[in-house]
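Report on the structure
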Amino acid sequence: MIGKPVAAGRTTAAAEGEVVVLLIGMRINHFWAVHHWLPVFLAMPRMLRELRKDPGRGLLGHVLLTASPRTYYVVQYWESREKLYAYATSPDMFHHRAWAIINRKEKAGKVRQHVGLWHETYVSPEGSYESIYADMPAFGLAAAHGQVPVERRGRFAKDRFAHRSGRGVKA
């Protein structure tokens, strides 16, 4: 079977310090309004390609998911909240242009509730996250930050929560 190599046994994410996670997605409210939701649906892959071409922007990894036939989202792992905000507000990046289009439509009264948009951002200081993967390829947080044997961080969740990297916590 073709795919990512499986790490045998139990592993955990090698994340150190603060972890920044962005959940961002869309909901198709009216399937028949394809001309409204399809451009939104196609915008995220374009942004992800743009970020993949420039790793210095700070996106460490992502997972594409669906919650239902109507709702699609991406879990993104970022180097820092500063890099996430810098990308979101950079006038030379596609995200900025996409939001400008949405804002113009909204201001002109042309948004008709055909597609919903949402995002949630979480910044977790060290000691506020832990992970475990059993016989899994690097996934999620481990794909973004690297994967280490669970013994390096602790066999039990309480031990992994207590792990400190020495990098300190960002203010």
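So, here's what we can say about the structure. (Residues numbered from 1 in each chain as written. Predicted model: local features only at pLDDT ≥ 70, side-chain atom pairs only at ≥ 80, totals over all residues. Heavy atoms only, no water.)

A few points about a nonpolar patch on the surface
Applied cut-off: Only residues above 30% relative accessible area that lack a salt bridge enter a patch, with like-charged residues linked at up to 9 Å and the nonpolar side chains Val, Leu, Ile, Met, Phe, Trp and Tyr linked at up to 5 Å. For every accessible area listed, the method is Shrake-Rupley and the probe measures 1.4 Å; residues are considered covered only by the protein chains on display. The salt bridge criterion pairs a side-chain nitrogen of Lys or Arg with a carboxyl oxygen of Asp or Glu, the two atoms within 4 Å. Each helix corresponds to a stretch of at least 4 residues labelled H or I by DSSP, and each strand to a stretch of at least 2 residues labelled E; elements are numbered beginning at the N terminus. For the exposure calls, accessible area comes from a 1.4 Å probe over protein chains only, and a residue counts as buried if that area is under 20% of its type's maximum, exposed if over 50%, partly exposed in between.
A contiguous nonpolar patch, built from Val34, Leu38, Phe41 and Leu42 and spanning about 310 Å² of accessible area, is present on the exposed surface. One can find leucine 42 in helix H1 (residues 34-53). Look at leucine 42 and you get partly exposed, because its relative accessible area is 49%.

What about the nonpolar core?
Test applied: Nonpolar cores are built from buried Ala, Val, Leu, Ile, Met, Phe, Trp, Tyr and Cys residues. Side-chain atoms within 4.5 Å join them into one set. Two residues qualify as a contact provided that any one of their heavy atoms is within 4.5 Å of a heavy atom in the partner residue.
Formed by 16 residues in total, the largest nonpolar core has its most connected members in Met44, Met47, Trp78 and Tyr87. For this core, the secondary-structure elements that each account for two or more residues are strand E2 (19-28), H1, strand E4 (71-78), helix H2 (81-89) and helix H3 (94-107). At five residues, the largest contribution of residues to this core is made by H1. If sequence neighbours within four positions are ignored, tyrosine 87 has contacts with Met47, Glu50, Leu51, Arg57, Trp78, Met93, Phe94 and His95. Of all hydrophobic cores here, the second largest spans twelve residues; its members include Ala13, Val19, Val75 and Ala142.

Notes on a positive patch on the surface
For clarity, the cut-off: Asp and Glu are treated as the negative residues and Lys and Arg as the positive ones, with His and the ends of the chain left uncounted. Think of each charge as sitting on NZ of Lys, CZ of Arg, CG of Asp or CD of Glu.
On the surface, Arg46, Arg49, Arg52, Lys53 and Arg97 cluster together to form a positively charged patch. Residue contributions to the positive patch peak at four residues, all from H1. You can call arginine 97 partly exposed: its relative accessible area is 39%.

Points about the pattern of salt bridges
Inspection of the entire model under this criterion finds six salt bridges. A salt bridge links lysine 83 to glutamate 79; the shortest N-O distance between them is 2.8 Å. Residue classification places lysine 83 among the partly exposed positions, given a relative accessible area of 27%. A cluster of three or more residues bridged by salt bridges with shared partners is formed by Asp54, Arg57 and Asp92.

Remember, this is a structural readout, not a statement about activity or role.
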